[in-house]
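# Summary of the model geometry
Residues per chain are reported as follows:
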Amino acid sequence: MKSAIAVRRAKGIARQAVLLFTCSALLIGCGKSSSNNNPTATSATGNAVPIGIAFAQTSNVALLGQEGTDGVKIAEKYFNAKGGINGKPIKLIFQDTGGDEVGTVNAFQTLINQNKVVGIIGPTLSQQAFSANPIAERNQVPVIGASNTAKGIPEIGDYVARVSSSVAVVAPYAVKAALKQNPNIKRVAVFYAQNDAFNKSETEIFQKTVKDLGLNLVTVQKFQTTDTDFQTQASSAINLKPDLAIISGLAVDGGNLVKQLRELGYKGIIIGGNGFNTSHIFSVCKALCDGVIIAQAYSPEYKNEINTAFRKAYFEQYRREPPQVSAQAFTALQVYVEALQSLDKKQKINQLSLAQLRKELNQELLKGTYQTPLGEIAFTPVGDVIQKEFYVAQLKMEANGTQGKFAFLSIK
């Protein structure tokens, strides 16, 4: 009896030993797996190269965010049809930034740490960029702004660049175009959204331009991007009899301000800032949008091979001409694709760790010259775009008052 019990005990011990050995082997295997904290760049999406898109899909900024989304989706399809990164497709990973800094910070952190993207395009607003770009900088992840034009964006860090030209370059063209239409302009009223970093930066450029041209700045009126009632600001300005009104705001607030200025009897020229560079403004001020002047960094009519292809693809999908933000977003993805192609020819990118790829990609993209829908561009050493062509458009509304177009003016 004791012998049988002893045999059973021996078998039990043996089974426990086997079990312990198996568990130990599993633990060792798991330990090796978890210690390999050096994933390749394409590990997150198989063979595809993941690029993060941080645009506003919700909030009052969603109109601009949607135009950026439209541009990168067309670019993804276009470049993958041409072979992607030397045979490896690109895959866009979207995170909604919303309209504030908190949402943008969360989007960047998710793209960097969970989605393991090689680089980021975004965010929608300069205000958001000042909060989120330092996160990309600390993690050494390249970020390209497609609609960030405020002063100081590229200077945030070595990993921050933009394809959207500085407002300091673009804004003065609009004032000069207004003077060309009415050389008798003397008195200028300025309005700006004081809660937005870009619009605060832009209005400084507009105000400086007005003074440099010897015009009389009769009033500066402030508002919020969330405002809907501008009667106080509009009435105060109109009482000073300005010949020109300049508005730095976003599409919804800026469009409503245009509408209320006209409804209160203002008949002079209106200039809209970069936030007006969207066809979505037509649905805000409708027929009263007619005549608003906007400086632009993009024209659908620009003649080169890639803009022709982009314009055709955009029109086929949306039945309207592509806006500036969509063209800039397309361009941002083009920069990543061509820089990755160049890098892959030197050393296969799927053999690099994610950290190595991010670092070398950032260095590579700053070296290039790119033929884009915006024309030829390159980058300064700090990552600011170098662009040759600029434009001024005037909004021309159709008789129904709900549809319109950007009619380009001669600024030569």
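Structure first, text after, so check above.
Our subject in this report is the structure included herewith. Remember, it's a predicted structure, so these values are computed and weren't measured experimentally.

### Examining the pattern of salt bridges
Under the criterion given, the structure shown has nine salt bridges. In this structure, the salt-bridge partner of Asp-212 is Lys-208, at a minimum N-O distance of 2.7 Å. One end of the pair is Asp-212 and the other is Lys-208, both in helix H6 (residues 197-212) and four residues apart, which spans about a single turn. Note on accessibility: Asp-212 and Lys-208 belong to one class, exposed. Residue Glu-364 pairs with Lys-346 through a salt bridge whose shortest N-O separation is 2.9 Å. With a gap of 18 residues between them, Glu-364 in helix H12 (residues 354-367) and Lys-346 in helix H11 (residues 324-346) connect regions that are remote in the sequence. Judged by its relative accessible area of 9%, Glu-364 falls in the buried class.

### Description of unusual backbone geometry
Here the bond from Gly-122 into Pro-123 is cis, since omega is -5°, no more than 30 degrees from zero. Structurally, Pro-123 can be placed in the loop between strand E3 (120-121) and helix H4 (126-138). Of note in this structure, Lys-241 is not a glycine but carries a positive phi near 55°. Structurally, the position occupied by Lys-241 is in the loop between helix H7 (231-238) and strand E8 (244-248). Its identity as a non-glycine residue notwithstanding, Arg-319 has a phi of 60°, on the positive side.

### Thoughts on the state of the cysteines
With the rule as written, the count across this model stands at one disulfide. Bridging Cys-285 to Cys-289, the disulfide has an S-S length of 1.9 Å. One quick way to see it: the torsion about the S-S bond of Cys-285 and Cys-289 is about 100°, and its sign makes the bridge right-handed. What makes Cys-285 buried here is its relative accessible area of 2%. The exposure class assigned to Cys-289 is buried, which follows from its relative accessible area of 0%.

### Here we look at the sheet that holds strand E12 (residues 375-379)
Backbone hydrogen bonds hold the strands of a sheet together, and the pairing may be parallel or antiparallel. Here we have three strands laid out as an open sheet, ordered E11-E12-E13, and antiparallel in their pairing. Bordering the open sheet on either side are strand E11 (370-372) and strand E13 (385-387), each of which pairs with just one other strand. When the angles between neighbouring strand axes are averaged without regard to direction, this sheet yields 35°. Where E11 meets E12, three bridges bridge the pair, whose relative direction is antiparallel. Counterpart to Gln-371 in the pairing with E12 is Glu-376. Along the sheet face, H11 touches E11 and E12 and points at about 145° away from the line of E11.

### Digging into helix H10 (residues 305-318)
Because each turn of an α-helix spans 3.6 residues, side chains separated by three or four positions end up pointing in the same direction. With 14 residues, H10 should cover 20 Å at 1.5 Å per step; its first-to-last C-alpha distance of 20 Å lies within 8% of that length. Taken together, the buried positions of H10 are Ile-306, Asn-307, Phe-310 and Tyr-314. Take H10 and look down its axis: the buried residues cluster within an arc of 95°, on one side only. Along H10, the residues that are exposed and aim more than 90 degrees away from the buried face are Glu-305 and Lys-312.

### Quick look at the packing of aromatic side chains
For the coordinates displayed, the defined rule picks out 12 aromatic pairs. Here Phe-79 and Phe-330 contribute two aromatic rings whose centre-to-centre distance is 5.6 Å and whose plane-to-plane angle is 40°, an arrangement assigned as tilted. In this pair, Phe-79 is assigned in helix H2 (residues 62-81) and Phe-330 in helix H11, connecting sequence segments 251 residues apart. What makes Phe-79 buried here is its relative accessible area of 7%. Phe-330 gets classed as buried once you look at its relative accessible area, which sits at 1%. Both rings, one in Phe-310 and one in Phe-330, keep their centres 4.9 Å apart while their planes meet at 50°; by these two values the pair is tilted. Residue Phe-310 is found in helix H10, and its partner Phe-330 is found in helix H11; the two are separated by 20 residues along the sequence. Aromatic ring contacts, followed pair by pair, group Tyr-78, Phe-79, Tyr-298, Phe-310, Tyr-314, Tyr-318 and Phe-330 into a single cluster. One cation-aromatic arrangement involves Lys-73 over Phe-94; the distance from NZ or CZ to the ring centre is 5.6 Å.

### With respect to the pairing of strand E2 (residues 90-96)
Bridge count for strand E1 (residues 49-55) against E2 is seven bridges, and the pairing is parallel. For Pro-50, the partnering residue across the bridge sits in E2 and is Lys-91.

### Comments concerning the nonpolar core
In terms of nonpolar packing, the biggest core is built from 43 residues, with Ile-121 and Leu-365 touching the most fellow members. Residues in contact with Ile-121, not counting those within four places in the same chain, are Gly-52, Ile-53, Ala-54, Phe-55, Val-72, Ile-144, Ala-146, Ala-329, Ala-332, Leu-333 and Tyr-336. Of all hydrophobic cores here, the second largest spans 41 residues; its members include Ile-93, Val-190, Phe-198 and Ala-297.

### Considerations on H4
Between its first and last C-alpha atoms H4 spans 18 Å; for 13 residues at 1.5 Å apiece the expected length is 18 Å, and the two agree. Most pronounced at Ala-132, the bend in H4 amounts to some 35°, and the proline Pro-134 follows within four residues. Of the residues making up H4, those classed as buried are Ser-126, Gln-128, Ala-129, Ala-132, Asn-133, Ile-135 and Ala-136. Looking one or two places after H4, you find Gln-140, whose phi comes out positive at around 55°.

### Thoughts on the packing of helix H3 (residues 101-114) against H4
Contact pair H3 / H4: the axes reach a minimum separation of 9 Å and the direction vectors enclose 30°. Accordingly, the angle class assigned to the pair H3 and H4 is roughly parallel. Here the hand of the crossing between H3 and H4 comes out right-handed. Between H3, through Glu-101, Thr-104, Val-105, Phe-108, Gln-109 and Ile-112, and H4, the contact on the second element is made entirely by Gln-127, Gln-128, Ser-131, Ala-132, Asn-133, Ile-135 and Ala-136. By residue class, the composition of the contact of H3 with H4 is six nonpolar, six polar and one charged.

Criteria and thresholds
Residues numbered from 1 in each chain as written. Predicted model: local features only at pLDDT ≥ 70, side-chain atom pairs only at ≥ 80, totals over all residues. Heavy atoms only, no water. Salt bridge = Lys/Arg side-chain N within 4 Å of Asp/Glu carboxyl O. Helix = DSSP H or I, 4+ residues; strand = E, 2+ residues; numbered from the N terminus. Buried < 20%, exposed > 50% of the residue type's maximum accessible area, 1.4 Å probe, protein only. Disulfide = S-S within 2.5 Å. Pairing = 2+ DSSP bridges. Axes fitted to C-alpha atoms, helices over the stretch in contact; angles between N-to-C directions. Contact = heavy atoms within 4.5 Å. Expected span 1.5 Å × (residues − 1). Arc of directions from axis to C-beta. Phe/Tyr/Trp six-rings, centres within 6.5 Å; stacked < 30°, edge-to-face > 60°. Lys NZ or Arg CZ within 6 Å of the ring centre and 35° of its normal. Core = buried A, V, L, I, M, F, W, Y, C linked by side-chain atoms within 4.5 Å. Bend = angle between axes of the 7 residues up to and from the residue. Parallel < 35°, antiparallel > 145°, perpendicular 65-115°, else oblique. Left-handed = near helix turned anticlockwise from the far one by under 90°. Nonpolar A, V, L, I, M, F, W, Y, C, P; charged D, E, K, R; others polar.

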